Amino acid sequence: MVSVAARMWGRAQLLVLLTALSAYGDDVQDESQLRVGRSVDVFTRYGYLSLSMKVVPRNDSDFLFREPTIDIFDDLDRFAVRTAKVPKKQRRIFAGDFHMEFCDNVKQLVQAYFRDFAFERMDNPWKAFSASWSLDTIAKNLGINASFVHKEHCYVLVRLSRFRDSVKLTKIPNNVNLVDVVAREIDKIQIGDVTSVIRFIRKYGSHYIESYVTGNALYQVFVFRKPTYLQIKERLKTQGISHLDKLELGQYFSPWFAEHMGQIKVASGNRTVEQWAASKLRVHYYIFTYPTLLKIHGDAQMLTVLNDLLRNEAILQMGMKTLAPAFKDPKKRMFFVEVLDNFLKLWESNL
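These numbers were taken from a predicted model, which means no experiment stands behind them.

Asker: So what exactly am I meant to see when it comes to the pattern of salt bridges here?
Answerer: In a structure, side chains of opposite charge can pair up when their charged atoms sit close to one another. Within the structure shown, the criterion is met by 14 salt bridges. Across the pair E67 and R45 runs a salt bridge, and its minimum N-O distance is 2.9 Å. Here the residue E67 occupies a position in the loop between strand 1 (38-40) and strand 2 (70-71), and R45 occupies one in the loop between strand 1 and strand 2, the gap between them amounting to 22 residues. For E67, a relative accessible area of 1% corresponds to the buried category. Put simply, R35, R38, D71 and D77 are held in one network by salt bridges that share partners.

Asker: What am I meant to see in the confidence of the model for the protein here?
Answerer: On average, residues of the protein carry a pLDDT of 87, and 87% of them reach 70 or more. Across residues 1-32, where pLDDT falls below 50, the model places 48 contacts with residues more than four positions away in sequence or in other chains.

Asker: I would appreciate a short explanation of helix 4 (residues 106-113) in the present structure.
Answerer: Given 3.6 residues per turn, any residue in an α-helix points the same way as the ones three and four places further on. Every buried residue belonging to helix 4 is among V106, L109, V110, A112 and Y113, and all of these are buried. Mapping the buried residues of helix 4 onto a view down its axis gives an arc of 160 degrees, with all of them on the same face. Turning to helix 4, the residues buried within the fold contact strand 4 (96-103), helix 5 (127-130), helix 6 (135-142), strand 6 (154-169) and strand 7 (207-224). Near the N-terminus of helix 4, the side chain that reaches the backbone nitrogen of K107, with its oxygen 3.3 Å away, is that of N105.

Asker: Help me understand the pairing of strand 12 (residues 314-322) in this model?
Answerer: Along any regular strand, the residues point their side chains to alternate faces of the sheet. Most of strand 12 sits inside the fold, with 7 of its 9 residues counted as buried. Pairing analysis gives 8 bridges linking strand 7 to strand 12, with the strands arranged antiparallel. Note on strand 12: the bridge partner recorded for I209 is M320.

Asker: Any chance you could explain the packing of helix 4 against helix 6 here in plain terms?
Answerer: Where helix 4 meets helix 6, the axes come as close as 12 Å, and the angle between the chain directions of the two elements is 45 degrees. It follows that helix 4 is oblique to helix 6 by the angle criterion. The crossing of helix 4 and helix 6 is left-handed. Touching V106, L109, V110 and Y113 of helix 4 are L135, I138 and L142, all from helix 6. Residues of the contact of helix 4 with helix 6, tallied by class, amount to 7 nonpolar, no polar and no charged.

Conventions used here
- Residues numbered from 1 in each chain as written.
- Predicted model: local features only at pLDDT ≥ 70, side-chain atom pairs only at ≥ 80, totals over all residues.
- Heavy atoms only, no water.
- Salt bridge = Lys/Arg side-chain N within 4 Å of Asp/Glu carboxyl O.
- Helix = DSSP H or I, 4+ residues; strand = E, 2+ residues; numbered from the N terminus.
- Buried < 20%, exposed > 50% of the residue type's maximum accessible area, 1.4 Å probe, protein only.
- pLDDT = per-residue confidence, 0-100.
- Contact = heavy atoms within 4.5 Å.
- Arc of directions from axis to C-beta.
- Polar contact = N/O pair within 3.5 Å; in protein donor to acceptor, adjacent residues only side chain to side chain.
- Pairing = 2+ DSSP bridges.
- Axes fitted to C-alpha atoms, helices over the stretch in contact; angles between N-to-C directions.
- Parallel < 35°, antiparallel > 145°, perpendicular 65-115°, else oblique.
- Left-handed = near helix turned anticlockwise from the far one by under 90°.
- Nonpolar A, V, L, I, M, F, W, Y, C, P; charged D, E, K, R; others polar.

Here is the structure:
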């Protein structure tokens, strides 16, 4: 099967290039909706999905999701579950998550940033967003000096995420009806005919959105020399962040331990939030000052402010499943998955 897929590689490239221009005709604007159950062709902009989904700061901060999607399943909204809003009296100080990830190298750092994005049957879903990024682009998007990605360093990614909207699709039962045109296209697919599968993906996508979480986040990357990094990693591994007092934690993530402290970035690129963070999240030590996201850890007053300040402006998590459930014939479904698997491996290894 891999050899067959390899022979189709040139044709697949042409089909993928045409998708952005013609797959959805004049209805692109109407079809560009972030909704569970809708399908996406991950090959169209593989490696460039950060251009059509708001996952990192960009100048054009007025969009959330503009990847073309299309309805595959009929009346699927009834299976969508949205997280219920918590009554004001029961709300926590901050509705979100604060965590840090230790990364031995740049590759792990990018993986950590996209940890909450999962595409079924894709070994490295982070590549779908960042395979096109140069080292300088990685540095820019993650807020660190470019010199610290061109040499061997270790990193800690600290992130504070504010969740706003959470939607998940329950398991699709086998008897869910397909949109008529989709069903007709699947009928045309012949087992053994790779071209027919590629044609289907070009028209109707490869994956459907199973779940997503939107909101906004602050994040900061700390750069360390390896011995210091291992020392801090072991300390936090044995003690846990909750067992360290604020002074000791602050020292680890300060210029006295870190070789470089990145900017505090906002996932959506919201300038108002960036200015607030630049002003409020600074530590003053005599005439010396530096930014640190750790300042907010355990600060109820700041968390309360950020709970309102971080709006619904970025995609924080997303889960995608393949369109295999659309194929009711088990043999045809297996063939679709085999072809999709081969092309995903080719794209992941070539970009």
